[in-house]
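The primary structure of each chain is shown beneath.
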Amino acid sequence: GMIATDKLMAFIERKLFTLNTGHAALAYFGKLADKKTVGEAMQDDSIRRAAKEVMKESGAVLIRRYAFDPAAHRAYIDKILKRFANPYLRDDIDRVGRQPLRKLGAQERFIKPLCGMLEYSLPHDATVRAIAATLHYHNADDPQAVEMQYYLHAHGVAATLAQYSDFTDAAVVAEIEAAYQTL
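Note that the coordinates shown come from a computational prediction; the quantities given were computed from them, not determined experimentally.

> Please give an account of the nonpolar core that cites residues and values.
Most often, soluble globular proteins keep nonpolar side chains buried together rather than apart. Residues Leu 26, Phe 29, Phe 84, Phe 110, Ile 131, Leu 135 and Ile 176 are the most contacted members of the largest nonpolar core, which totals 58 residues. No other element matches the 10 residues that helix α1 (residues 8-32) contributes to this core. In this structure, Ile 131 is in contact with Leu 104, Phe 110, Ile 111, Leu 114, Leu 161 and Ile 176, ignoring residues within four places of it in sequence.

What follows is the structure, encoded as structure tokens:
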């Protein structure tokens, strides 16, 4: 089942932007809905759709940047979603959601694809909502989640994104702030 390629970065980013981004989105949206596992989150139609939309947006960057076949990439997303829904894999929301500051990093699963969406003038609403959901993540047993909540409450969304994501696009930060307020 191995695919030989001379475009290794394309496939590294495909895993990061699709599997990792979708997994994290499920965790953060799931946490907001008091789900305990990724499987429970997948059973909720609105959470599953939200995560799939994030994966489609990040996938649009890959399709544009690396000329991935759109149909093949949609099939890859569907394959990953089926894996997330596997009832035999118990994946705790807090395990997947831990270390939110790392996951909000400039080269990580939300901000790097978002920058690609902006670079190519692609839709990014679902990703904005996923970032806002990440900012809502509370877990007293996760030092990064505690630090993020402390910093967020002391300084606000824009300063938190600038501090931990090095993301300062004012228009998009305003979109994230608005999404944060509505979640």
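On we go.
> Tell me about the side chain of Glu 57, and name the residues and values.
In this structure, Glu 57 sits in helix α3 (residues 45-66). Buried and without a salt bridge, Glu 57 has Lys 56 as its closest oppositely charged side chain, separated by 8.9 Å. Among the polar contacts made by the side chain of Glu 57, one reaches the main-chain amide nitrogen of Asp 125 at a distance of 3.1 Å. What Glu 57 contacts, discounting residues up to four positions off in sequence, is Met 117, Pro 123, His 124, Asp 125, Ala 126 and Thr 127.

> Let's hear about the pattern of salt bridges: which residues, and what values?
Side-chain pairs of opposite charge can arise where the charged atoms are in close proximity. For the structure shown, the criterion picks out 12 salt bridges. Salt-bridge contacts for Lys 52 lead to Asp 78; the nearest nitrogen and oxygen are separated by 3.3 Å. With Lys 52 in helix α3 and Asp 78 in helix α4 (residues 70-84), the pair connects residues that are 26 residues apart, well separated along the chain. Among the residues examined, Lys 52 registers a relative accessible area of 31% and is labelled partly exposed. The class of Asp 78 is partly exposed, set by a relative accessible area of 32%. Each of Glu 13, Arg 65, Lys 112 and Glu 119 takes part in a single network of salt bridges with overlapping partners.

Parameters and conventions
Residues numbered from 1 in each chain as written. Predicted model: local features only at pLDDT ≥ 70, side-chain atom pairs only at ≥ 80, totals over all residues. Heavy atoms only, no water. Core = buried A, V, L, I, M, F, W, Y, C linked by side-chain atoms within 4.5 Å. Buried < 20%, exposed > 50% of the residue type's maximum accessible area, 1.4 Å probe, protein only. Helix = DSSP H or I, 4+ residues; strand = E, 2+ residues; numbered from the N terminus. Contact = heavy atoms within 4.5 Å. Lys, Arg positive; Asp, Glu negative; His and termini not counted. Salt bridge = Lys/Arg side-chain N within 4 Å of Asp/Glu carboxyl O. Polar contact = N/O pair within 3.5 Å; in protein donor to acceptor, adjacent residues only side chain to side chain.

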